[in-house]
Amino acid sequence: MRGGGLLVAGTTSDAGKSVVTAGICRWLVRQGIKVAPFKGQNMSLNSFVTREGAEIGRAQAMQAQAARVEPTALMNPVLLKPGSDRSSQVVLMGKPVGEMSARGYHGGRQQTLFEPVMACLEELRGTYDAVICEGAGSPAEINLRRTDIVNMGIARAAQLPVVVVGDIDRGGVFAQFFGTTALLAPEDQALVAGYLVNKFRGDVTLLEPGLDMLHGLTGRRTFGVLPYAHGLGIDEEDGLRVSLRGTVRESVVAPPVGADVLRVAVCAVPLMSNFTDVDALAAEPGVVVRFVDRPEELVDADLVVVPGTRGTVKALAWLRERGLADALVRRAAEGRPVLGICGGFQALAERIEDEVESKAGLVDGLGLLPVRVRFGVEKTLARPVGEALGERVEGYEIHHGVATVDGGEPFLDGCRVGSVWGTHWHGSLESDGFRRAFLREVAAVAGRRFVPAPDTSFGALREEQLDRLGDLIEEHADTDALLRLIEHGAPEGLPFVPPGAP
């Protein structure tokens, strides 16, 4: 096999396209098939830096790990990073090329990106046995079909078979499958091979009559019914959907090794980016992580994290409006732990000069760290390696703000003053030795009898989660049929479902 492919589309955003794509990648690589993920255009504030210094969506980096290959810019050539409800930064082949409104992007710029997107897909298909593509939103967004470069646009250009994923936990999945198909043009419908039900709870035999009727209505089969799986903890594309849910993930909470648990509160700032930084904390037995948006929720927290954000100045204003800024200043004065990461680190600075991101000019920070931040046009994209608290640390940097540190103790690229730490490094807490050392310091300052587990490996836990996704595909999907699609494309003679696209 060489150059096989499949597009995993969805009836809605958050239907499960990312995890299904990752699961198929993990299942294929376990069969000895060389596979790569691909998403032509991604909209996400959770991103990652590849080894060559390119910024791509974290979901594609996770899928690359599922496929056991190194992530590259080819796997996500276009990344849109929202800066407001109406505009986004456009990242092309891993580098920012400017801000653009949604109207401007869909009005012309998107079409100019079709050729480089297809070139990336074809390069991957020429290198790998199979490429599993992830769609975005729904393929039946009829107002956007003309400029589509991520769903049926690439499926038709590359003649990729399409499997549509639907989230049955939300209800209405049969109508979603039928309506999605019926709103596609005949040429697009010819590529839709069938459906995959996601997040099913209960007895699957009760679902089978509906699947039979769906087949009768559309002439298309269902390739599997995936059960609802708890505790996967896989990277999300958008942070705000899980903010204020109470916990970061649905992970199984192991009992603490010591006598106490450690409570971590994450400020759910606007345009929160790379909130996945705290996943490694949530993976530690005895660490309870929650998102918060009220000052009273910081009172019992042993550690408060101010996470990354695409809008540092906007986040500062939000912290002040909510009373969280005053609560953070009080914590610092009381010697209680605070950690700022990237945009959160910038918010803790004395002052910020921003003529790039917010264009607000000179803005006072919270003044908790002796740092001045000046935003530059060039974005820093790096994969630094260093040492902190006597342990080796790896991370990645994605920021326009350049920090000048005028005091305190060195801490990665930032500094520490008392119980306040700040760094631009995302992903640092995934370094197991450093994470344990950091949590021991936090517990000591907080007066908690918390002991980090000596053997928690975040990398191993992530591998277990990806294997579980592969298991879901292997055990609950018709893998023989999926492999035929990947190798040979959509079957001929699939019926047209009226009315089709207008």
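What counts and how
Once a new chain begins, its residue numbering starts again from 1 and follows that chain's sequence as written. Side-chain atom pairs in this predicted model are given and counted only at pLDDT of 80 or more, local residue features only at pLDDT of at least 70, and totals for whole chains, interfaces and linings cover all residues. The side-chain values count all of the structure's non-hydrogen atoms but skip hydrogen atoms and water molecules. Here a strand is any run of E in DSSP of at least two residues, a helix any run of H or I of at least four, and the numbering for each starts at the N terminus. Put simply, the radius of gyration uses C-alpha atoms, and a globule should come to 2.2 Å times the residue count raised to 0.38. Here the term buried applies to any residue with accessible area under 20% of the maximum for its type, exposed to any over 50%, and partly exposed to those in between, with areas from a 1.4 Å probe on protein chains only. Should any heavy atoms of two residues lie within 4.5 Å, those residues are considered in contact. Computed by Shrake-Rupley with a 1.4 Å probe, the accessible areas treat only the displayed protein chains as cover when residues are assessed. A positive count includes Lys and Arg, and a negative count includes Asp and Glu. His and the chain ends are not counted in either. Lysine's charge is taken at NZ, arginine's at CZ, aspartate's at CG and glutamate's at CD. UniProt positions are given in the numbering used here, feature names are shortened, and annotations may be inferred rather than shown by experiment. Only Phe, Tyr and Trp rings are paired, with Trp represented by its six-membered ring, and only when their centres lie within 6.5 Å; those with planes under 30 degrees apart are stacked, over 60 edge-to-face, the remainder tilted. Lysine and arginine charges are scored as sitting over a ring when NZ or CZ, respectively, is within 6 Å of the ring centre and within 35 degrees of the ring normal. To estimate how far a helix should extend, the number of its residues minus one is multiplied by 1.5 Å. Working definition: the arc comes from the directions between the helix axis and the C-beta atoms, pointing outward to the latter. The angle between two axes is taken between their N-to-C directions and runs from 0 to 180 degrees, where each axis is a line fitted to C-alpha atoms and a helix contributes only its stretch in contact. Each angle receives one of four descriptions, namely roughly parallel if under 35 degrees, roughly antiparallel if over 145, roughly perpendicular if within 65 to 115, and oblique otherwise. For a crossing to be left-handed, the near helix must be turned anticlockwise from the far one by less than a right angle; the clockwise case is right-handed. Side-chain atoms within 4.5 Å link the members of a nonpolar core, which is a set of buried Ala, Val, Leu, Ile, Met, Phe, Trp, Tyr and Cys residues.

Could you give an account of the overall build of the protein chain, naming the residues involved and the relevant values?
Helices and strands together make up the secondary structure of the protein chain, namely 15 helices and 27 strands. Against the compact-globule benchmark of 23 Å for 502 residues, the protein chain has a radius of gyration of 23 Å, which places it among compact chains. Buried residues in the protein chain amount to 59% of all 502 residues. For the protein chain, restricting intrachain contacts to residue pairs at least 6 apart in sequence, the fraction spanning at least 24 positions comes to 74%. Carbon and sulfur atoms make up 51% of the accessible area of the protein chain, which totals about 19,200 Å². Both charge centroids of the protein chain, one from 52 positive and one from 65 negative side chains, sit 2 Å from each other.

I'd love a proper account of the UniProt feature "domain: CobB/CobQ-like glutamine amidotransferase" (unreviewed entry) in the protein chain, names of residues and values included.
Mapped onto this numbering, the UniProt entry annotates "domain: CobB/CobQ-like glutamine amidotransferase" (unreviewed entry) at residues 263-432. Across residues 263-432, the secondary structure splits into 18% helix and 42% strand, with the terminal C-alpha atoms separated by 19 Å.

Help me get a handle on the environment of Ala327, residues and values and all.
With respect to the secondary-structure elements, Ala327 resides in helix α11 (residues 324-333). Residue classification places Ala327 among the buried residues on the basis of a relative accessible area of 6%. Sequence-distant contacts of Ala327, that is, excluding residues within four places in its chain, are made with Pro295 and Leu298.

Explain the packing of aromatic side chains to me, using residue names and the numbers behind them.
According to the stated counting rule, one finds 6 aromatic pairs in the structure shown. Seen from their ring centres, Trp421 and Phe438 are 4.9 Å apart, and the 75° between their planes marks the pair as edge-to-face. With Trp421 in strand β27 (residues 420-423) and Phe438 in helix α13 (residues 432-446), this residue pair connects regions lying 17 residues apart in the sequence. Through a chain of ring-to-ring contacts, the aromatic side chains of Phe411, Trp421, Phe434 and Phe438 assemble into a single cluster. Above the ring of Tyr228, the side-chain terminus of Arg201 is found at 3.7 Å from the ring centroid.

Tell me about helix α4 (residues 114-127), and name the residues and values.
Here α4 is 14 residues long and its end C-alpha atoms lie 20 Å apart, about the 20 Å a rise of 1.5 Å per residue gives. Considered for burial, the residues of α4 that qualify are Val117, Met118, Cys120, Leu121, Leu124 and Arg125. Looking down the long axis of α4, one finds its buried residues gathered within 155° of arc, a one-sided arrangement. Close packing links the buried residues of α4 with β1 (4-10), β2 (35-38), β6 (78-82), β9 (130-134) and α5 (152-158).

For the packing of helix α1 (residues 17-30) against helix α2 (residues 58-66), give the residues involved together with the corresponding values.
Running from N to C, α1 and α2 point in directions that differ by 20°, and their axes come no closer than 8 Å. Considering the angle they form, α1 stands roughly parallel to α2. The interaxial crossing formed by α1 with α2 has right-handed handedness. Within the contact between the two elements, α1 uses Ser18, Thr21, Ala22, Cys25, Arg26 and Val29 and α2 uses Ala59, Met62, Gln63, Gln65 and Ala66.

Describe the nonpolar core, and please don't skip the residues or the numbers.
Counting residues in each nonpolar core, the largest one holds 74 residues, and the members touching the most others are Leu28, Phe38, Leu121, Ile132 and Val162. Ignoring any residue separated from it by four or fewer positions in sequence, one finds Ile132 in contact with Leu6, Val8, Thr21, Ile24, Cys25, Leu28, Val35, Ala36, Pro37, Phe38 and Ile486. Of all hydrophobic cores here, the second largest spans 64 residues; its members include Ala265, Phe291, Val305 and Leu339.

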